[in-house]
Amino acid sequence: MEKDEIKKTQETKTDLNLLLECLKYQMDNPSSQKEALVTIYSVCQQNSDASIYFREIGGLMFVKNLAKSSIHNLVKEAALFTLGAIAECNVYCQQTLCTSEFFEDIIWFLSKHESNINLKRMSVYVILVLVSNNRNGQTLVRETGCVGILLQFFRTALSMLEMDLSNETTFQSYQLWSSVCSALCACVNNPQNDVNQKICSSVFQHANKWLQSCIKPEIIRPLCSFICLTVANNIYVQEYFISIGGLAVLSEVLIKLEHDSHDNVASAKLAVVVTKTLDACIADNPAVGVVLAKYHIVSKLLTLLLHESLDSGEKFSIILTLGHCTEACEENQLQLFKNNGLPLMIQVLTESQNEELNKAATFVLYNCKKITEKLSLNQEAFSSDMNEAQQLKEFKVRERNIEDFWKKAKEIFHRIKQLENKENEEETEKIELIGDPFPGNLNTQNTSEHSRMDSTDIGASEEKKCPQKQHQPPSCEPAATEQCEASTRHESQDPVWSGKANPISTSDKEGGLANAMSTTCVPSTASAPRSHSSCKGAICEKRALNLQASEQVYKSPAPVVKNRKHQTQVTDPLALCSDIISKEASIFQGNDSYPKTLNFRCSGCIEVGKSLNSRNFSRLLHSCPFQCDRHKVILEAEDRYKSDLRKSLIFNKKILLTPYKKRRFDGNSSTHEEKK
């Protein structure tokens, strides 16, 4: 392999030597020289080392001198083309040709009236190669005045009145003009040259005229490339271009192309080129995006983004332009909202796998963060005329409606959760009913222990509250008081009646003032055994006086309905219907024929407002032997419901209760009724 490569290199060198000799000895034959030059270009194009060897043997300088000294335009054109091709292939050859003398020679070619259009094109091509990626070449093209010649060709090479490219002469002029645009682009960018950018900005007004007079792709593409590279990363040039109306002209061109893009794919592609130029004009100065807001460019870009013929690179250019438009212009941000730009950006993020495209979409969403907050707080208005103000008002109304819908949805969701919790509690209660077919029978041992604790608490509270006896009514004499206390002690000796005979003892720690009153005269009158019914007349009268004094404390509370809206919503049905039952109970209590003993509150009345539910409330009522009418009705209804439920469950499972259990249930029930 190495031998073959060496042999091939040697053959290439031999060919170049022969071609150079042919050029030297064929001075009178321009066609042969042209063929030799074209062959040299072909050999050097295939192998970069061949260009270096051709330079080493002096071939590059000979061709340079040939282009200047030959009297034949055909040879000059071929020589300049060969020099440009070799410099493009090899950077060393580029540096060798990049001299002020050679640039002056090129100016001479461009300035001569005898030079035809092709010779001028080849001269411009050489300039393009020498300044591309070469800061030294950019400096020389400016210092030698070559850039001035190029700007002159930019203005005069092509006539705006003659745009028939089918004509051969017009087409050649267009090719020269297009080459000049490419050479100017290389003079100002890659690398960027601020000085050359300022010099080239002098032809912006002429470029605007071209854009206004013709929107053909052959004109739009070179012009947009020249403008884009001239204003890139140069705020001074950007402001100058905007000051002469360049941004407005580009906006008008984009609007026309976007309108035509619905039926023409080429117009959509060309609209993307104009979009890139717009982006270059505002990238370093986002505040000028307000100029684009007047033309509603954001809406046009969003419509263009939906075009099916665009690839990911073209969509990236559009989204990046949207980002720069909305970066510092609130009007453009508002237009993005109105035209559903945010959902479109979110769709790009979710569907695209292109990282650069996702970054551009994120940039747009981030720019709209502040405007979203301001719209939600209704801090500012973003409109310049009455129509936009009306649209903004409607937009805010829609925002408020959406917030109301969210609140209603949250309320409905909360109610659904409550219903689900209620259903779960009912299911749990059904399971407990299946496991315990006699929920009415409470644990006697626990009840007695609780009764002993209550009686002990009562005794302790009596000792601690002895000073409170002086607050008793004057009608309560000492003898009667001693009789009441004796009756109370007699009741507390019975382990059964100590817990059941006093309905207030179950809430002794929570009754407050009611607890103090319950330790004096109430137990002896409200829950005394039948054996104490034969008290003397004087003592009974005094007990009645004590009962009237304590009646104000133990009355059923008046139903409170007005503040129900400000309270927390209760899911327990017993609490929800308490206000209705309270009204019915108050009717019975207001009747003079209704027994006075029912004015005392039962355990259910005392415990209202605490952490009760449908499970522990039933057990609390069963443990109290003196229920008020409303809780008695509730308890009987619940017992009937549970009895029917047990019967239905037992019937479905074909399980019969034993007579023993049935008698036990009846016995307990009868005992419960007797104690009541």
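Read on for an overview of the structure. All of these numbers come straight from a predicted model, not from anything done at the bench.

### Digging into the overall build of the chain
Point 1. Within the chain one finds 37 helices and 0 strands.
Point 2. Counting across all 676 residues of the chain, residues that qualify as buried make up 40%.
Point 3. The contacts of the chain with a sequence gap of at least 6 include a subset with a gap of at least 24, amounting to 74%.

### A few points about unusual backbone geometry
Point 1. The linkage connecting Asn-190 with the following residue, Pro-191, adopts the cis geometry, with an omega of 0°.
Point 2. Residue His-296 is not a glycine yet carries a positive backbone phi of 55°.
Point 3. Relative to the elements of secondary structure, His-296 occurs in the loop between helix H18 (289–293) and helix H19 (297–305).
Point 4. In this structure, Asn-340 is a non-glycine residue whose phi angle is positive, near 60°.
Point 5. Here Asn-340 is to be found in the loop between helix H21 (330–338) and helix H22 (341–351).
Point 6. Note on Asn-340: relative accessible area 53%, which makes it exposed.

### Some words on the nonpolar core
Point 1. Counting residues in each nonpolar core, the largest one holds 120 residues, and the members touching the most others are Phe-154, Trp-177, Leu-184, Ile-219, Phe-226 and Met-345.
Point 2. Looking at which element gives the most residues to this core, the answer is helix H11 (residues 168–188), with 11 residues.
Point 3. In this structure, Trp-177 is in contact with Phe-153, Phe-154, Ala-157, Leu-158, Trp-210, Glu-218, Ile-219, Pro-222 and Leu-223, ignoring residues within four places of it in sequence.

### Observations concerning helix H13 (residues 204–213)
Point 1. Of all the residues in H13, the buried ones are Phe-204, His-206, Ala-207, Asn-208, Trp-210 and Leu-211.
Point 2. Tucked into the core, H13 has its buried residues touching helix H10 (146–156), H11, helix H14 (217–231), helix H15 (235–243) and helix H16 (246–260).

### Quick notes on the side chain of Thr-230
Point 1. Relative to the elements of secondary structure, Thr-230 occurs in helix H14.
Point 2. Within the local environment of Thr-230, its side chain forms a polar contact with the backbone oxygen of Phe-226, the two atoms lying 2.5 Å apart.
Point 3. Setting aside residues no more than four positions away along its own chain, Thr-230 makes contact with Val-188, Gln-197, Cys-200, Ser-201, Phe-204 and Val-237.

### Overview of helix H17 (residues 265–282)
Point 1. Helix length check: H17, at 18 residues, gives a terminal C-alpha distance of 26 Å against a target of 26 Å (1.5 Å per residue), a fit within 8%.
Point 2. The buried count for H17 comes to 14 of 18 residues, which makes it a mostly enclosed element.
Point 3. For H17, the capping residue at the N-terminal end is Asn-264, with a side-chain oxygen 3.1 Å from the backbone nitrogen of Ala-266.

### Things to note about the pattern of salt bridges
Point 1. Applying the stated criterion to the full structure yields 4 salt bridges.
Point 2. The salt bridge partner of Lys-68 is Asp-105, with a shortest N-O separation of 3.4 Å. Taken together, the residues span a long stretch of sequence, with Lys-68 in helix H4 (residues 59–69) and Asp-105 in helix H7 (residues 100–111) at a distance of 37 residues.
Point 3. For Asp-105, a relative accessible area of 14% gives the class buried.
Point 4. Between Glu-355 and Lys-359 there is a salt bridge whose closest N-O contact spans 3.6 Å. A residue pair is termed a helical-turn pair when its members lie 3 or 4 positions apart in one helix, as Glu-355 and Lys-359 do in helix H23 (residues 355–367) at 4 residues.
Point 5. A residue is classified by how much of its surface remains accessible, and Lys-359, at 49% relative accessible area, is partly exposed.

### As for the packing of H4 against helix H5 (residues 73–89)
Point 1. Here H4 crosses H5 at 145°, and the two axes come no closer than 8 Å. At the point where H4 passes H5, the crossing takes the left-handed sense. Where H4 approaches H5, its residues Leu-60, Val-63, Lys-64, Leu-66, Ala-67 and Lys-68 are matched on the opposing element by Val-75, Lys-76, Ala-79, Leu-80, Leu-83 and Ile-86.
Point 2. Here the contact of H4 with H5 is composed, by residue class, of 9 nonpolar, no polar and 3 charged.

### A few points about the environment of Leu-620
Point 1. As for its placement among the helices and strands, Leu-620 is situated in helix H35 (residues 616–623).
Point 2. On the basis of relative accessibility, which here comes to 17%, the residue Leu-620 falls in the buried class.
Point 3. On a C-alpha basis, the gap between Leu-620 and Cys-602 in space is 9.8 Å, while along the polypeptide they are 18 residues apart.

### A short note on the packing of aromatic side chains
Point 1. On inspection of all chains with the given rule, the structure shows 10 aromatic pairs.
Point 2. Measuring from ring centre to ring centre gives 5.9 Å for Phe-154 and Trp-177, while their planes differ by 25°; the resulting arrangement is stacked. One end of the pair, Phe-154, is in helix H10; the other, Trp-177, is in helix H11, with 23 residues separating them in the sequence.
Point 3. In this structure Trp-177 comes out as buried when scored by relative accessible area, which is 0%.
Point 4. A ring pair is formed by Phe-204 and Phe-226, whose centres lie 6.2 Å apart and whose planes are at 65°; its orientation type is edge-to-face. Highlighted residues: Phe-204 in helix H13 and Phe-226 in helix H14, separated in sequence by 22 residues. Across the pair, Phe-226 and Phe-204 agree in class, each one buried.
Point 5. The rings of Phe-154, Tyr-174, Trp-177, Phe-204, Trp-210, Phe-226, Tyr-240 and Phe-241 are connected pair by pair, giving a single aromatic cluster.
Point 6. Across the ring face of Phe-62, the terminal group of Lys-24 is positioned such that the distance to the ring centre comes to 5.9 Å.
Point 7. In this arrangement the basic side chain of Lys-198 is found over the ring face of Tyr-236, its NZ or CZ atom lying 5.0 Å from the centre.

### A closer look at the state of the cysteines
Point 1. Taken as a whole and assessed by the stated rule, the structure comprises 0 disulfides.
Point 2. Here Cys-185 is not cross-linked by a disulfide; its sulfur's nearest cysteine counterpart is in Cys-181, at 6.7 Å.
Point 3. No disulfide involves Cys-187; its nearest neighbouring cysteine sulfur is the one of Cys-200, lying 6.3 Å away.
Point 4. Cys-187 sits in the buried class, given a relative accessible area of 0%.

Quick notes on the rules
- Numbering of residues starts from 1 in every chain and runs along the sequence as written.
- Predicted model: local features are reported for residues with pLDDT of at least 70 only, side-chain atom pairs are reported and counted for 80 or more only, and whole-chain, interface and lining totals are derived from all residues.
- With hydrogens and water stripped out, all remaining heavy atoms of the structure feed into the side-chain values.
- Under the scheme used here, helices are H or I runs from DSSP no shorter than 4 residues and strands are E runs no shorter than 2 residues, and both carry numbers assigned from the N terminus.
- Buried residues are those whose accessible area, probed at 1.4 Å on protein chains only, stays under 20% of the maximum for their type, while exposed residues exceed 50% and partly exposed ones sit between those limits.
- Contacts are residue-level and defined by heavy atoms, with any inter-residue pair within 4.5 Å sufficient.
- Note on terminology: a nonpolar core comprises buried Ala, Val, Leu, Ile, Met, Phe, Trp, Tyr and Cys residues joined through side-chain atoms within 4.5 Å.
- For this analysis, a polar contact is any N or O atom pair within 3.5 Å, provided that within protein one partner can donate a hydrogen and the other can accept it, and provided that sequence-adjacent residues contribute only side-chain to side-chain pairs.
- Multiplying 1.5 Å by the helix residue count minus one yields the expected span of that helix.
- Whenever Lys or Arg places a side-chain nitrogen within 4 Å of a carboxyl oxygen from Asp or Glu, that contact is recorded as a salt bridge.
- The angle between two axes is taken between their N-to-C directions and runs from 0 to 180 degrees, where each axis is a line fitted to C-alpha atoms and a helix contributes only its stretch in contact.
- Crossing chirality is assigned from the near helix's rotation relative to the far helix, an anticlockwise turn below a right angle marking it left-handed and a clockwise turn marking it right-handed.
- Amino acids outside the nonpolar list (Ala, Val, Leu, Ile, Met, Phe, Trp, Tyr, Cys, Pro) and the charged list (Asp, Glu, Lys, Arg) are all regarded as polar, and Gly is one of them.
- Ring pairs are drawn from Phe, Tyr and Trp, using the six-membered ring of Trp, whenever the two centres fall within 6.5 Å, and their geometry is named by plane angle: stacked under 30 degrees, edge-to-face over 60, tilted for the rest.
- As a reminder, the over-ring test applies to NZ of lysine and CZ of arginine, requiring each to be within 6 Å of the ring centre and within 35 degrees of the ring normal.
- Pairs of cysteine sulfur atoms within 2.5 Å are what we label disulfides.

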